[in-house]
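Given next are the chains, with one letter for each unit.
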Amino acid sequence: MGTAKRKTDYLLSLIREGKRMTLGQQLRLTAYLSVPAIMAQVSSIAMQYIDASMVGSLGANAAASIGLISTTTWLFWGLCAAAATGFSVQVAHKIGAGDFAGARKILRQSVTATLIFSSLLAVAGICISGMLPGWLGGDEAIRDDSSLYFRIFALFLPALQLNFLAGGMLRCSGNMRVPAMLNVLMCVLDVVFNFFLIFPSRQAEWLGVELTVPGAGLGVEGAALGTVLAELVTAGAMMGYLCRRSPMLKLSGERGSFLPRRETLRKAVRISLPMGFEHIAICGAQIITTVIVAPLGIVAIAANSFAIIAESLCYMPGYGISEAATTLVGQSLGAGRIRLLRRFANITVWSGMLIMGVMGALMYAAAPQIIGVMTPVEEIRTLGIEILRIEAFAEPMFAASIVAYGVFVGVGGTFVPSLMNFGSIWGVRLTLAAWLAPTMGLRGVWLAMCIELCFRGAIFLARLWGGRWIYTLRIKR
């Protein structure tokens, strides 16, 4: 691991110093940054997979209570991630230009700005938690659990925000290893906390000895508490490493203002605002999809939730490579290296399409095992397997849209790509889903999603390879 870190640091220094990089070096650097980022992304989704599996063992109602509000939790996650990205991209540009002191100034300001933002978001989430399950059309039997889960989630949003901010800053500095390791730790902690919080005290046999395993028996509430406690511990560790040990960004021993400056906020808003509206649009569309799915019954809600989580394990590698693309493109832009920027854009997009194509094939083959882990209910399993296999065909083109978006984020050009995501989801997916759901049920909803993802990938590739976005950049020559 130490050798990989040294090689990564050396290759990133070639970008900042304007030295020539061979194709082999570009590929290796992409791999060095992508693999830890993929691990971090997979571990974050694994937490949802774990929650769903543990809660799923309690029955269909418990599973559906979390599935009902899952799209709304993703909306709030997305807003926190967008807020963090507005600052981390600026840090990537500063580091690419070799201005480490300037990067640390932005980091200080970002802590204050994002904590204020996430606290306001937490208050809003707590205020709507009681009404949210009803707005989403959830069955009366699951509304109380859904409301409680979301209220606990919202209360800990500032911790989640710090986790996103610290992880984004480290990744944009080229350190993918520490965020990956800490996110894996978060996944392990989630399992441990859930084990004791979800289930009641029970008898278990280990090596022939009967033991009493303590448990709080909190069910859905325990799943929420286990997740947020794991996030809280990880956020503390991530911020501690960033501020005390990061070679480029550590704040210890250096004084500076944490008061956000107008110019920094202006740039952050220019990057984050389109991303935030995009997340609202996408998650709003997912919420509308939930409203379309909800009348289909508890089995459909649970199967839809499980399939979304299962598919997430497939497309998380794309988001990991997208984060690597943001770092590579952002630092190349900061160093004023336009040709290298374009090469990294193509390398990362093709890598994402290849890996997610393979993952899609594996997902198709292993669908019975993937869904089977999350629920013992045969009706839910059968439907979940069918819809998951529909989605497998869209994974390569989904990768194209994910990674190309990361490229555009790296240069700070988020407005047009956000409009593309919005138009594709609202104009194609929802229209088809509303048309197909009455006759095909949940299968029609997922067929609409598959068609839309292929269309979205095509328009992102057209923009990336068209090259017009390049000419809007202010590059040092």
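Definitions and limits used
Residues numbered from 1 in each chain as written. Predicted model: local features only at pLDDT ≥ 70, side-chain atom pairs only at ≥ 80, totals over all residues. Heavy atoms only, no water. Helix = DSSP H or I, 4+ residues; strand = E, 2+ residues; numbered from the N terminus. Rg over C-alpha atoms; globule rule 2.2 N^0.38 Å. Buried < 20%, exposed > 50% of the residue type's maximum accessible area, 1.4 Å probe, protein only. Contact = heavy atoms within 4.5 Å. Areas by Shrake-Rupley, 256 points an atom, 1.4 Å probe, with all protein chains shown as cover. Expected span 1.5 Å × (residues − 1). Polar contact = N/O pair within 3.5 Å; in protein donor to acceptor, adjacent residues only side chain to side chain. Phe/Tyr/Trp six-rings, centres within 6.5 Å; stacked < 30°, edge-to-face > 60°. Lys NZ or Arg CZ within 6 Å of the ring centre and 35° of its normal. Core = buried A, V, L, I, M, F, W, Y, C linked by side-chain atoms within 4.5 Å. Axes fitted to C-alpha atoms, helices over the stretch in contact; angles between N-to-C directions. Parallel < 35°, antiparallel > 145°, perpendicular 65-115°, else oblique. Left-handed = near helix turned anticlockwise from the far one by under 90°. Nonpolar A, V, L, I, M, F, W, Y, C, P; charged D, E, K, R; others polar. Salt bridge = Lys/Arg side-chain N within 4 Å of Asp/Glu carboxyl O. Bend = angle between axes of the 7 residues up to and from the residue. Disulfide = S-S within 2.5 Å.

1. Looking at the overall build of the chain
Part 1 of the reasoning: Secondary structure summary: the chain contains 17 helices and 2 strands in total.
Part 2 of the reasoning: Taken over the C-alpha trace, the chain has a radius of gyration of 22 Å; the compact-globule value for 477 residues is 23 Å, and the two agree within 12%.
Part 3 of the reasoning: When its C-alpha atoms are laid out on the principal axes, the chain stretches across 60 × 50 × 45 Å.
Part 4 of the reasoning: Within the chain, the fraction of its 477 residues that count as buried is 58%.
Part 5 of the reasoning: Long-range pairs, those at least 24 residues apart, make up 82% of the contacts in the chain with a sequence separation of at least 6.
Part 6 of the reasoning: If you sum the accessible surface of the chain, you get close to 19400 Å²; carbon and sulfur atoms cover 66% of it.

2. Details of helix H7 (residues 140–155)
Part 1 of the reasoning: Helix length check: H7 (16 residues) gives 24 Å between terminal C-alpha atoms against 22 Å at 1.5 Å per residue, within 8%.
Part 2 of the reasoning: All of the buried residues along H7 are Ile142, Ser146, Ser147, Tyr149, Phe150, Ile152, Phe153 and Ala154.
Part 3 of the reasoning: N-cap assignment for H7: the residue whose side-chain oxygen lies 2.9 Å from the backbone N of Ala141 is Asp139.

3. A closer look at the packing of aromatic side chains
Part 1 of the reasoning: On inspection of all chains with the given rule, the structure shows 9 aromatic pairs.
Part 2 of the reasoning: Consider the rings of Trp350 and Trp465, whose centres lie 5.6 Å apart with planes at 25°: the pair is stacked. Pair noted here: Trp350 is in helix H13 (residues 338–374) and Trp465 is in helix H17 (residues 442–466), with a separation of 115 residues, a long-range link.
Part 3 of the reasoning: Seen from their ring centres, Tyr364 and Phe393 are 5.8 Å apart, and the 70° between their planes marks the pair as edge-to-face. Taken together, the positions of Tyr364 in helix H13 and Phe393 in the loop between helix H14 (378–391) and helix H15 (395–410) put the pair 29 residues apart, joining distant regions of the chain.
Part 4 of the reasoning: The class for Phe393 is exposed, based on a relative accessible area of 63%.
Part 5 of the reasoning: In this structure an aromatic cluster arises from ring pairing among Phe76, Trp77, Phe150 and Phe153.
Part 6 of the reasoning: The ring centre of Tyr364 lies 4.9 Å from the NZ or CZ of Arg389, which sits over that ring.
Part 7 of the reasoning: The side chain of Arg463 reaches across the aromatic face of Phe408, ending 5.2 Å from its centre.

4. Looking at the nonpolar core
As a rule of thumb, soluble globular proteins bury nonpolar side chains together.
Part 1 of the reasoning: Leu157, Leu388, Val407, Leu442, Val445, Trp446 and Trp469 are the most contacted members of the largest nonpolar core, which totals 103 residues.
Part 2 of the reasoning: Per-element tally for this core: the top contributor is helix H12 (residues 298–334), with 16 residues.
Part 3 of the reasoning: Once residues lying within four places of it in the same chain are set aside, the contact partners of Val407 are Ala325, Val329, Ala345, Thr348, Leu464 and Trp469.
Part 4 of the reasoning: Membership of the second largest hydrophobic core comes to 26 residues, among which are Ala113, Val178, Leu242 and Cys243.

5. Some details on the side chain of Gln90
Part 1 of the reasoning: Note that Gln90 resides in helix H4 (residues 70–96).
Part 2 of the reasoning: Judged by relative accessible area, Gln90 falls into the buried class, the value being 8%.
Part 3 of the reasoning: Excluding residues that lie within four positions of it along the chain, Gln90 makes contacts with Ile106, Thr264, Lys267, Ala268 and Ile271.

6. Thoughts on the environment of Phe415
Part 1 of the reasoning: Looking at the element boundaries, Phe415 is found in helix H16 (residues 415–440).
Part 2 of the reasoning: For Phe415, a relative accessible area of 54% translates into the label exposed.
Part 3 of the reasoning: In this structure, the C-alpha to C-alpha distance between Phe415 and Pro274, residues 141 residues apart in sequence, is 5.2 Å.

7. A word on the packing of H12 against H14
Part 1 of the reasoning: It is at 8 Å that the axes of H12 and H14 come closest, and there the two elements cross at 45°. Taken together, H12 and H14 sit at an angle that is classed as oblique. For the pair H12 and H14, the sense of crossing is right-handed. Across the interface between the two elements, Val299, Ala300, Ala302, Ala303, Asn304, Phe306, Ala307, Ala310 and Glu311 from H12 touch Glu379, Ile380, Leu383, Gly384, Ile387, Leu388 and Glu391 from H14.
Part 2 of the reasoning: Along the lines of polarity and charge, the residues of the contact of H12 with H14 split into 11 nonpolar, 2 polar and 3 charged.

8. Regarding the packing of helix H9 (residues 177–197) against helix H10 (residues 220–244)
Part 1 of the reasoning: At their nearest, the axes of H9 and H10 sit 8 Å apart, and the two run at 150° to each other. The angle between H9 and H10 places the two elements in the roughly antiparallel class. Classified by chirality, the crossing of H10 by H9 is right-handed.
Part 2 of the reasoning: Tallied by class, the residues present in the contact of H9 with H10 amount to 15 nonpolar, 6 polar and 2 charged.

9. Remarks on the pattern of salt bridges
Part 1 of the reasoning: What the rule picks out here adds up to 9 salt bridges.
Part 2 of the reasoning: Asp99 is the salt-bridge partner of Lys94, the closest N and O atoms lying 3.7 Å from each other.
Part 3 of the reasoning: Given a relative accessible area of 30%, Lys94 falls into the partly exposed group.
Part 4 of the reasoning: On the basis of relative accessibility, which here comes to 30%, the residue Asp99 falls in the partly exposed class.

10. Details of H13
Part 1 of the reasoning: End to end, H13 covers just 46 Å across 37 residues, shorter than the expected 54 Å (1.5 Å per residue, more than 12% under).
Part 2 of the reasoning: A maximum bend of about 75° is found in H13 at Ala366, where proline Pro368 lies one to four positions downstream.

11. Here's the deal with the state of the cysteines
Part 1 of the reasoning: By the definition in use, this model includes 0 disulfides.
Part 2 of the reasoning: Not engaged in a disulfide, the cysteine Cys450 finds its nearest cysteine sulfur in Cys454; these two sulfurs lie 4.7 Å apart.
Part 3 of the reasoning: We classify Cys450 as buried; its relative accessible area is 11%.

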